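As a plain string of letters, each chain reads:
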Amino acid sequence: MTRLGVLASGTGSILQAIVDAGLPVALVLTDRRCGAVEIAAQAGVPVEVVERTDFTKAFDRDAYTRTVVEVLKRHEIELVAMAGFGTVIPGIWDAYPDRVLNTHPALLPAFKGWHPVRDALAYGVKVTGCTVHFATPEMDAGPILAQEAVPVLADDTEQTLHERIKQVERRLYPETIRKVMQA
Ligand code: GAR
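Worth saying up front: this structure is predicted, and the values here are computed from it rather than measured. (Residues numbered from 1 in each chain as written. Predicted model: local features only at pLDDT ≥ 70, side-chain atom pairs only at ≥ 80, totals over all residues. Heavy atoms only, no water.)

Thoughts on the pattern of salt bridges
According to the stated counting rule, one finds seven salt bridges in the structure shown. Between Arg-32 and Asp-31 there is a salt bridge, with the nearest N and O atoms lying 2.8 Å from each other. On the accessibility criterion, Arg-32 (28% relative accessible area) is partly exposed. When its relative accessible area of 0% is taken as the criterion, Asp-31 is described as buried. For Arg-164, the salt bridge goes to Asp-156, with nearest N and O atoms at 2.8 Å. (Salt bridge = Lys/Arg side-chain N within 4 Å of Asp/Glu carboxyl O. Buried < 20%, exposed > 50% of the residue type's maximum accessible area, 1.4 Å probe, protein only.)

Notes on the nonpolar core
It is characteristic of soluble globular proteins that their nonpolar side chains tend to be buried jointly. Leu-4, Val-6, Ile-18, Val-25, Leu-101, Tyr-173 and Ile-177 are the most contacted members of the largest nonpolar core, which totals 34 residues. Looking at this core, the elements with two or more residues in it are β1 (4–8), α1 (13–20), β2 (25–30), α2 (35–43), β4 (79–82), β6 (127–134), β7 (144–151) and α6 (158–182). The biggest single contributor to this core is α6, with eight residues. If we skip the residues at most four places from it in the chain, Leu-4 touches Ile-18, Leu-23, Pro-24, Val-25, Ala-26, Leu-27, Ile-77, Leu-79, Ala-81, Ile-177 and Met-181. Counting residues in each nonpolar core, the second largest holds 20 residues, with Leu-27, Tyr-64, Leu-72 and Ile-77 among its members. (Core = buried A, V, L, I, M, F, W, Y, C linked by side-chain atoms within 4.5 Å. Helix = DSSP H or I, 4+ residues; strand = E, 2+ residues; numbered from the N terminus. Contact = heavy atoms within 4.5 Å.)

Considering the site of the ligand
Around the ligand lies a shell formed by Gly-10, Thr-11, Gly-12, Ser-13, Ile-14, Gly-84, Thr-103, His-104, Pro-105, His-162, Lys-166 and Glu-169. Within the side chain of Ser-13, an N or O atom sits 2.6 Å from an oxygen atom of the ligand. In this structure, an oxygen atom belonging to the ligand sits 3.1 Å away from a main-chain N or O atom of Thr-103. The protein chains hide 90% of the 460 Å² of surface that the ligand would expose on its own. At the level of elements, α1, β5 (100–104) and α6 are the ones that each hand at least two residues to the shell around the ligand. Residue contributions to the shell around the ligand peak at three residues, all from α6. Partitioning the shell around the ligand into residue classes produces two nonpolar, eight polar and two charged. (Near = heavy atom within 4 Å. Polar contact = N/O pair within 3.5 Å; in protein donor to acceptor, adjacent residues only side chain to side chain. Areas by Shrake-Rupley, 256 points an atom, 1.4 Å probe, with all protein chains shown as cover. Nonpolar A, V, L, I, M, F, W, Y, C, P; charged D, E, K, R; others polar.)

By themselves, these are just geometric observations and shouldn't be taken as functional.
Here is the structure:
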């Protein structure tokens, strides 16, 4: 059985969906104290907080990435699924080439970056969605595994639209992770 590690920083609702789908999560790793830590604890999944203390330009990204990789290796993780991880760690690809998955709340290659839902609304698109892809060192890039469209409604706010996109991610991401694990 492939040992799956999930990286998260937020409320952890995507992590919850992965757990609820019955995928065997061997480790949850976060970069801060967040909802995902509680969800992991409640699910009885080992959790490691590799706390990021520096959010300035001086942040030693390479050192931080090395620590993350060390922790993943210590837990013998073979496949990594990013589920709203808030720190960019391109170096992870060296340790896990073609073994890092990501879900992004936009139809890539449109609206890369940290505010894809806000940016889609600001642009005025009528359809956005989510993308599950293999991560590469370039942010929000890499071979696309699955995509699904979500219509933008006239009265949408960033929050309402993101929640409808997440409803799709909670189904599409676990489904896609399972396919990769079975491949
Ligand atoms: C998800 O929408 C995920 O696609 C997004 O963070 C959310 C996590 O939700 N990831 C990114 O934006 C990464 N660039 P959650 O905290 O409720 O699980």
